[in-house]
Each structure stands twice: as structure tokens, then as C-alpha cells.
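# Structural characterization, general
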Amino acid sequence: MKYYSTNHEAPLASLEQAVVKGLAPDRGLYMPERIVHLPASFFEGIQDLSFKEISCRVAEAYFGEDIPVDTLHQIVCDTLSFETPLVTVSQGIDSLELFHGPTSAFKDVGARFMARLLGFFIRRQGQRQVNVLVATSGDTGSAVANGFLGVEGIHVYVLYPKGLVSDIQEMQFTTLGQNITAVEVDGTFDDCQRLVKSAFMDESLNRQLYLTSANSINVARFLPQSFYYFNAYAQWKRRRMEQTGDRLPADYGHDELVICVPSGNFGNITAGLFAWEMGLPVKRFMAANNRNDIFLKYLRSGHYEPRPSVATLANAMDVGDPSNFVRVMDLYGHDHATVCRHVQGAAYDDRQIAETILQVWQQYRYLLDPHGACGYRALQENLQPGESGVFLETAHPAKFKHTVERIIAEPVTLPESLQAFMNGRKQSVPMTASFEDFKRYLSSEAE
Ligand SMILES: *Cc1c(COP(=O)(O)O)cnc(C)c1O
């Protein structure tokens, strides 16, 4: 399978080139040139398959031409060391819990897959050291750092905005050591993202260092996120079959199921839209935002107007210029009406997020995190009669312990995996938001 750039000014790339490069040379994002439609028989029997079985099948559709099938299955099975259970929150609304991985957020899936795939390519090439640069607004850094920890031949630099991530998030990528360096930038997430992008475009730096990205723009991170949409559907359908005792058609749910994705850079929802194109029976998608509602504004006006991000309780979605927006546009032929037909939007401010967390906790004893709260609320307000909603619970609420405790006025205990990070020692490299400073630092690292 070849990959083209959304800017259409770069040559087609192989999977390996797309993964190693991250961003296309014309600064576009790579897209697979075909989306394989999975057969009806797959959907007919999907409720009887395990998460790993489903994911191997989906992975073959994307990567089967490019990676030996045994290797691919191994990568998928190593990646999915945890489940993504579908849990009912309230009448007609289910939570797809994506926080049972090592860093308690959905990004574990993409990051673990990418680390293993990149490791495979590097071994195959007999490559010298590869440097992964990643900008994080909180959860990407921890997922990537933990996904790549100890992977031979790869060094990871995590750039994060000083003071703008939670203590727990910060401890997850600053305490690891080994092949992981945390760079603490005096600026915003957008500054971090700009530093990373500038580094990739800087010729002298690229002559000196072999650089690649692990942001959600990388196809190896973004595509595997499709796996759990199929797994959500399998569980949803299995439950429905248990309730009704009926056999259900292969396209069951296409006139009922609404999937809502709390969105920041729009990588996660784009993977869902790909799953839909592969035949996943879904009625429509929703993108839930916080006050950074650029996408919602686009749906309403037809104009895409990026602006500086503002800080919110759902900080992993504090993005003012979502990098995967171009993929959504590319997928739907840059047609506003087509985008609107497929994806609905919603946005909530901090007060509404807090209100939702409290209400759902008091009424249903389900504890949402601030991102999932946007997703839940978007369904609650927008589901039509006869529709069922699934929202993605993108992180464990304890990752936002202080916020959530303040809202529900009760203590929240950390899962053991998160507690272990809190006992580590923070190490970071202080950095200004100036590219010249960052470049000087990276160059000195190469010597
Ligand atoms: C990264 C993140 C998001 C946003 O995902 P995108 O793929 O950037 O849209 C939402 N919630 C949490 C908890 C995250 O870490």
C-alpha cells in the first residue's frame, strides 16, 4: 500500500517511509491510498471475535501488503496488552473505556503499535540511532515515552508546555530515564508543536540527526486507533444479541449507532472515520470539543479559522489548530456539506464539564474524566429517539485527580500503575520557545 500526502506535492511513500518520516516533505500528512472495505462476513461474526482477533484483521487491511503477516500479528498482540471494555453509563449511552493501558489513556494503543513497528523497520534496515520528537499537551508524551521505553536504537524527546500539564501526566514522562528525555518548554502546546515541526523542516539538523515524529500525524499511531472502534461495535452487538436472542444482520447499527469522540488534534476521530469507511456500521460520528471549538465553528460556518489554544480542564484537547483536520478534509473531498453529513460537533466550557462529571457521578456512580465528560454530554444532548450512543472515555479520571476531586468533593484513588510513576524522580531539560535554542540543544546532543 502506498501513502500520499494531503498536499499532493510529495511523491507517494511506502509504509516504511511514511512511518519513518512522519510528515511528508511537502508538509502534508500521509494518507493510505486505498481504504479496504471489510466483507459482510467479518461483521456478521464480529461479536464472537476477541479484541486481538478483530485488530489483526483490521491491521491486515492496512498493513498486510507491507509487513509479513506473522510479524504484524505479533506487533498487534504485543500492542494490545489490555482490553477496551464497553460499559453502560446511562440509558442508551455506553462508555468505551480506553484507559486500561500502561499510561491510562487511549494513546497507549497508537504509541505501543508505532514503537513496535518502527523498531521492526530499524532492525530490518540495520539503521543507526533514530530520534523521535514528540510534542505533548499531556497524554501523548506519556504514551509515547512509555511505548518506546527501552526500544533499542530509538531516543525519544518529549516536548511539553511548562506548568500546563497535570502532575501525574508530567511524572509519566519525566521519571523514566533510559532513552527518554523530557524537554520542558516555557510556552504553550502550540509552541511545542511548532518547535517539533520546525526541527523536521530544518535541513542542517536533519543532516546531523535522523529525526522522526511520534505525534498523532504518524500513520503508525493514527491508523491502529481504528482497532477499538471495531471492538466497541463487537461488544455493543454482542450485548444486543444477548438481549434479543436474535441473529443480527451484518450492517446492524448503521441506522442507530452514534459514536462520539472527545477531540483535540482529531487523530482519534479520524481513525474512527476510517473504520466507518471500512464498513463499520455506524449512523454518524460526533466530535466533542472543549472551549477550543475550531471544528464546531467550521461545521457551522464552513470556515476553518485556527486560533491560539486556551487552557481548559480537558487539557489534552487544548488545541487551536488540529493537525488532523486536513485528513478529515481529504477524506471528504474538502466538501463542507459532506463533512457535516458525517460528523456532528459539540463544545463545552469548564463549567459544563464540571457539571457533567458531578451529575453523572451522583446519578449513575460513573466517574468521567474531563475529556470523556465532553463526549458523554454531547451524546446526552444530541441523541435522537431510537439512537444509541457510545463515547470514548479517553483517559482514566484519576489522571486528573485534583480536578475531579474538587468537582465531586470526594477522594479519587490512583490505580497502581499510575501511583508507581508518582514515586519516581522528575528530570527535565528546561527550554525556551525559540527554535534557535531548541536547535542548538539538539545539535549538541548529536555530538
Ligand atoms: C489526546 C487526547 C484527546 C484528543 O485526541 P486527538 O486524537 O488529539 O483528537 C482526548 N482525550 C485525551 C485524554 C487525550 O489524551
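The structure displayed is predicted, hence computed values, not measured ones.

Calculation rules
- Residues numbered from 1 in each chain as written.
- Predicted model: local features only at pLDDT ≥ 70, side-chain atom pairs only at ≥ 80, totals over all residues.
- Heavy atoms only, no water.
- Helix = DSSP H or I, 4+ residues; strand = E, 2+ residues; numbered from the N terminus.
- Expected span 1.5 Å × (residues − 1).
- Buried < 20%, exposed > 50% of the residue type's maximum accessible area, 1.4 Å probe, protein only.
- Contact = heavy atoms within 4.5 Å.
- Polar contact = N/O pair within 3.5 Å; in protein donor to acceptor, adjacent residues only side chain to side chain.
- Near = heavy atom within 4 Å.
- Areas by Shrake-Rupley, 256 points an atom, 1.4 Å probe, with all protein chains shown as cover.
- 1 Å grid on protein atoms, 1.4 Å probe; cavity = no way out; pocket = protein on both sides within 12 Å on 5 of 7 lines; lining within 4 Å.
- Sits in = over half its atoms within 2 Å of the grid points.
- Nonpolar A, V, L, I, M, F, W, Y, C, P; charged D, E, K, R; others polar.
- Points joined across faces, edges and corners; volume = space filled by probe spheres on them.
- Domains from an automatic or database assignment.
- Buried area = accessible area lost by both parts, 1.4 Å probe.
- Salt bridge = Lys/Arg side-chain N within 4 Å of Asp/Glu carboxyl O.

Now for helix 8 (residues 189-201). The α-helix winds at 3.6 residues per turn, so residues separated by three or four positions along the chain end up facing the same way. Relative to the 18 Å expected for 13 residues at 1.5 Å per residue, helix 8 spans 19 Å between its end C-alpha atoms, a close match to the ideal helical length. Looking only at helix 8, the buried set comprises Phe189, Asp191, Cys192, Gln193, Leu195, Val196, Ala199 and Phe200. Where helix 8 is buried, its residues meet strand 5 (130-135), strand 6 (154-161), strand 7 (180-185), helix 9 (203-208), strand 8 (211-213) and helix 20 (435-446). Sitting at the head of helix 8, threonine 188 places a side-chain oxygen 3.3 Å from the backbone nitrogen of aspartate 190.

With that settled, consider the site of the ligand. Not every one of the 15 residues close to the ligand is listed here, only the nearest: Lys107, Asp139, Gly264, Asn265 and Thr394. In this structure, an oxygen atom belonging to the ligand sits 2.4 Å away from a side-chain N or O atom of lysine 107. In isolation the ligand offers 380 Å² of accessible surface; the protein chains occlude 97% of this area. When atom positions are compared with the pocket grids, the ligand is found to occupy the largest cavity. Here the shell around the ligand is built from residues that sort into 6 nonpolar, 7 polar and 2 charged.

We now examine empty space enclosed by the protein. Enumeration over the complete set of coordinates arrives at 3 cavities of 30 Å³ or more. When its volume is computed, the largest cavity comes out at roughly 270 Å³. Along the wall of the largest cavity there are 27 residues; nearest its centre are Phe106, Lys107, Gly264, Asn265 and Ala316. Listing elements by their share of the lining of the largest cavity, those giving two or more residues are helix 6 (139-148), strand 9 (257-262) and helix 12 (267-277). Looking at the lining of the largest cavity residue by residue, the classes come out as 12 nonpolar, 12 polar and 3 charged. Residue-level mapping places the lining of the largest cavity at the junction of two domains, with at least three residues from each of domain 1 (83-104 + 221-414) and domain 2 (108-219 + 421-446). Of the volumes computed, that of the second largest cavity is approximately 70 Å³. As for the second largest cavity, its lining consists of Gln193, Val196, Lys197, Phe200, Ser213, Asn215, Ser216, Ile217, Asn265 and Ser323.

Split into domains, the protein comes out as domain 1 (83-104 + 221-414) and domain 2 (108-219 + 421-446). With centres defined by C-alpha atoms, the gap from domain 1 to domain 2 works out at 26 Å. Taken together, the 29 residues of domain 1 in the interface contact 32 residues of domain 2. When the two sides are added together, the surface that domain 1 and domain 2 hide from each other amounts to roughly 2400 Å², 53% of it contributed by carbon and sulfur. When residues of domain 1 are sorted by the area they lose upon contact with domain 2, Thr103, Arg221 and Lys399 head the list and together hold 34% of the total. Remark: the boundary between domain 1 and domain 2 carries 0 salt bridges. Our count for the domain 1 to domain 2 interface comes out at 14 residue pairs in polar contact (both at pLDDT 80 or more). At the level of elements, helix 10 (219-222), helix 11 (227-244) and helix 18 (401-408) are the ones that each hand at least two residues to the side of domain 1 that touches domain 2.

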